[in-house]
Amino acid sequence: MQVTTEVDGDVALITMDDGKKNAITPQALQDLNAALDRAESDAKAVVLAGRPGSFCAGFDLAIMGSGDMDAIRTVARGGGELAVRLWSFPKPLVAAC
């Protein structure tokens, strides 16, 4: 998934777009956390958005159904940590669903 960050004035717009339904992969988690790091230092508020017509489908089903328990744990743990980070983000954060 491509994650972009644009800061306009005091607001950071973080956009997710994998061309489909924005499934969460280990790389997406890394990119989203990097975008949140930037937003936390460069903006006073954050808007998290998906591609037009799709916010986020959740975890990548190819990973979750792979049987690779290490990969499944990585995505599940990272997703939980991301959820906590979003919930406790120190600045106003809006999900544009």
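Notes on the structure follow. All values reported here derive from a predicted model rather than from experimental measurement.

**Regarding the overall build of the protein chain**
Phase 1: Within the protein chain, the secondary structure is distributed over three helices and six strands.
Phase 2: Reading the helices (α) and strands (β) of the protein chain from amino to carboxyl end gives β-β-β-α-β-β-α-α-β.
Phase 3: Here the protein chain has a C-alpha radius of gyration of 13 Å; the compact-globule value for 97 residues is 13 Å, and the two agree.
Phase 4: Along the longest, intermediate and shortest principal axes, the C-alpha atoms of the protein chain span 45 × 25 × 15 Å.
Phase 5: With 97 residues in all, the protein chain has 31% of them scored as buried.
Phase 6: Here the analysis covers contacts within the protein chain between residues at least 6 apart in sequence; of these, 72% occur between residues at least 24 apart.
Phase 7: Of the roughly 5700 Å² that the protein chain leaves accessible, carbon and sulfur atoms contribute 56%.

**A few points about helix α3 (residues 69-87)**
Phase 1: Here α3 contains 19 residues, and its C-alpha end-to-end distance of 27 Å stays within 8% of the 27 Å for a straight helix at 1.5 Å per residue.
Phase 2: I72, V75, G78, G79, L82 and R85 are the residues of α3 that are buried. The arc that holds every buried residue of α3, seen down its axis, measures 160°, which confines them to one face. Along α3, the residues that are exposed and aim more than 90 degrees away from the buried face are D70, R77, V84 and W87.
Phase 3: Contacts from the buried residues of α3 go to β3 (23-24), α1 (26-42), β5 (58-59) and α2 (61-64).
Phase 4: The backbone nitrogen of D70 has a side-chain oxygen 3.2 Å away, supplied by the residue at the start of α3, namely D68.

**Details of the environment of N33**
Phase 1: Structurally, N33 is set in helix α1.
Phase 2: Owing to a relative accessible area of 24%, N33 belongs among the partly exposed residues under this scheme.
Phase 3: Those residues in contact with N33, other than ones at most four positions away along the chain, are L82 and R85.

What counts, and at which threshold
- Within any chain, residue numbers begin from 1 and follow the written order of that chain's sequence.
- Given that the model is predicted, a residue must reach a pLDDT of at least 70 before its local features are reported, and side-chain atom pairs must reach 80 or more before they are shown or counted; all residues, however, enter totals for whole chains, interfaces and linings.
- Remark: hydrogens and water are excluded; side-chain values derive from all non-hydrogen atoms of the structure.
- Strands here are runs of E lasting at least two residues and helices are runs of H or I lasting at least four, both read from the DSSP assignment and numbered beginning at the N terminus.
- Radius of gyration means the value over C-alpha atoms here, while the globule rule gives 2.2 Å times the residue count to the 0.38 power.
- Exposure classes here rest on a 1.4 Å probe applied to the protein chains alone. A residue is buried below 20% of its type maximum, exposed above 50%, and partly exposed in between.
- Contacts are assigned to residue pairs that have any heavy atoms within 4.5 Å of one another.
- Per-residue accessibility takes into account occlusion by the displayed protein chains alone, with areas from the Shrake-Rupley method and a 1.4 Å probe.
- To estimate how far a helix should extend, the number of its residues minus one is multiplied by 1.5 Å.
- The directions considered for the arc run from the helix axis to the C-beta atoms.
- Side-chain atoms alone can form a polar contact between residues adjacent in sequence; in general such a contact is a pair of N or O atoms within 3.5 Å, and within protein one must be able to donate a hydrogen while the other accepts it.

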